[in-house]
Amino acid sequence: MDYKNAGVDIEAGYKSVELMKKHVQETMRPEVLTNLGGFSGAFSMEKFKEMEKPTLVSGTDGVGTKLKLAFLLDKHDTIGIDCVAMCVNDIACAGGEPLFFLDYIACGKNEPEKIAEIVSGVANGCKQADAALIGGETAEMPGFYPVDEYDLAGFAVGVVDEKDLITGADLKAEDVLIGMASSGVHSNGFSLVRKVFEMTKENLGTYYDELGTTLGEALLAPTKIYVKALRSVKEAGVTIRACSHITGGGFYENVPRMLKEGTHAVIKKDSYPIPPIFRMLAEKGEIEEHMMYNTFNMGLGMILAVNQADVFKTIEAIKAAGETPYIVGHIESQEKGVTLC
């Protein structure tokens, strides 16, 4: 008896590392001081000494049950983008610049080509966020995961000068809410999605005119990464007074998180186009409207609040970064919360 007979192939692990190296290398930043394969990743903070009060911000998350669709469709090259997005969007939402990312892949059987495909998506996400992929772990766990399944999670660290933290403390009545379009469902609500749609390869491969693609491709569309858009707004000289990443819990849970006491967000549901995938979900699943807005992003992945005088500059900066902005509402002086009308 040896480790391989027990289900853990160390040689496959070595091959996985070799196959992923080219993807990882594409994410490097000058501050990275170590190579892939070491026991830890080192990142120099020398560049950030010029900040008055350099402050680290961090985020960790996984992809959730969206992975089930990747398994069914045997498509693993974009799921890593989702993992990075869920972490770096939270950092950017606080005003931070993502610096580096680490991933964790746990699988029933280490198939080097599949692992490298997953990591290629992680690297793609890191490039979109200008973050270095400085390390990770692939754990082969036979008997714990089915041989053809895996889990994927990640951890990101960023930096911001303390004075530039986005906290909502300066939020005022009549501030304007600007939303940025999502790419679809992103990486939340898939436990409900999988109850609504039949999870078979045939059904997910069905083409729908209203989607302009197959159901599976629409659902697997990777989460938007808003790092560059938020940076563009900052570089335009706009102070973002509050910001919300619309993830699990939709509008009703996430929008209040950006508010200070005594401020209330009013969002107009007809102020932007709702992607057809959400209408399909609501109709086929017979999901009432409040539950849709309490579960999904409904077409807006990020919402920020700015002074009325900065609206035009904000819109133009978001467009310049390649994202689609909408004026979706405003702030009022009343009990903390959100109203959708």
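As a reminder, the structure under discussion sits directly above these lines.
Worth saying up front: this structure is predicted, and the values here are computed from it rather than measured.

> Before we move on, could you go through the pattern of salt bridges and cite the residues and values that matter?
What the rule picks out here adds up to 18 salt bridges. Between Glu26 and Lys127 there is a salt bridge, and its shortest N-O distance comes to 2.9 Å. Taken together, the residues span a long stretch of sequence, with Glu26 in the loop between helix 1 (10–25) and strand 1 (54–62) and Lys127 in helix 4 (residues 112–129) at a distance of 101 residues. Exposure remark for Lys127: the relative accessible area of 37% places this residue in the partly exposed category.

> Just give me the short version of the nonpolar core, but keep the residues and values in it.
Ranked by internal contacts, the top residues of the largest apolar core, which has 92 residues, are Leu219 and Phe251. Among the elements that take part in this core, helix 3 (residues 79–93) stands out by supplying 10 residues, more than any other. Residue contacts for Phe251: discarding those within four places in its chain leaves Ile246, Pro256, Ile267, Tyr272, Tyr293, Phe296, Asn297, Met298, Leu300, Ile303, Val338 and Leu340. Counting residues in each nonpolar core, the second largest holds nine residues, with Val32, Phe43, Ala132 and Val159 among its members.

> Would you mind going over the side chain of Ser187 in detail, with residue names and values included?
Note that Ser187 resides in the loop between strand 5 (176–181) and helix 5 (190–196). For Ser187, a relative accessible area of 8% gives the class buried. Side-chain polar atoms of Ser187 contact the side chain of Asp82, separated by 2.9 Å. Only 2.9 Å separates the side chain of Ser187 from the side chain of Thr223, close enough to count as a polar contact.

> Which residues make up the packing of aromatic side chains, and what values do they have?
For the coordinates displayed, the defined rule picks out six aromatic pairs. Aromatic pair Phe71 and Tyr150: ring centres 4.9 Å apart, planes at 75°, arrangement edge-to-face. Of this pair, Phe71 sits in helix 2 (residues 67–73) while Tyr150 sits in strand 4 (residues 150–161); the two residues are 79 residues apart in sequence, bridging distant segments of the chain. Residue Phe71 is classed as buried on the basis of its relative accessible area, which comes to 18%.

> Before we move on, could you go through the pairing of strand 11 (residues 325–333) and cite the residues and values that matter?
Pairing geometry for strand 5 and strand 11, over five bridges, is antiparallel. Looking across to strand 11, one finds that Ile178 is bridged to Ile327. One ladder, built from five bridges, connects strand 9 (residues 263–267) with strand 11; its direction is antiparallel. Bridge assignment links Ile267 to a residue of strand 11, and that residue is Gly329.

> Describe the sheet that holds strand 2 (residues 97–107), naming the residues involved and giving the relevant values.
The four strands lie next to each other as 1-4-2-3, forming an open sheet whose pairing is mixed. Both edges of this open sheet fall to strand 1 and strand 3 (132–140), since each of them pairs with a single strand only. Taking the axes of each pair of neighbouring strands and ignoring which way they run, one obtains an average angle of 15° across the sheet. Pairing of strand 2 with strand 4, which is carried by 10 bridges, proceeds in the antiparallel orientation. Counted as the bridge partner of Asp103 is Gly154 from strand 4. Strand contacts of helix 3: strand 1, strand 2 and strand 4, with the helix running at about 30° to strand 4, the strand carrying the most contacts.

What counts and what doesn't
Residues numbered from 1 in each chain as written. Predicted model: local features only at pLDDT ≥ 70, side-chain atom pairs only at ≥ 80, totals over all residues. Heavy atoms only, no water. Salt bridge = Lys/Arg side-chain N within 4 Å of Asp/Glu carboxyl O. Helix = DSSP H or I, 4+ residues; strand = E, 2+ residues; numbered from the N terminus. Buried < 20%, exposed > 50% of the residue type's maximum accessible area, 1.4 Å probe, protein only. Core = buried A, V, L, I, M, F, W, Y, C linked by side-chain atoms within 4.5 Å. Contact = heavy atoms within 4.5 Å. Polar contact = N/O pair within 3.5 Å; in protein donor to acceptor, adjacent residues only side chain to side chain. Phe/Tyr/Trp six-rings, centres within 6.5 Å; stacked < 30°, edge-to-face > 60°. Pairing = 2+ DSSP bridges. Axes fitted to C-alpha atoms, helices over the stretch in contact; angles between N-to-C directions.

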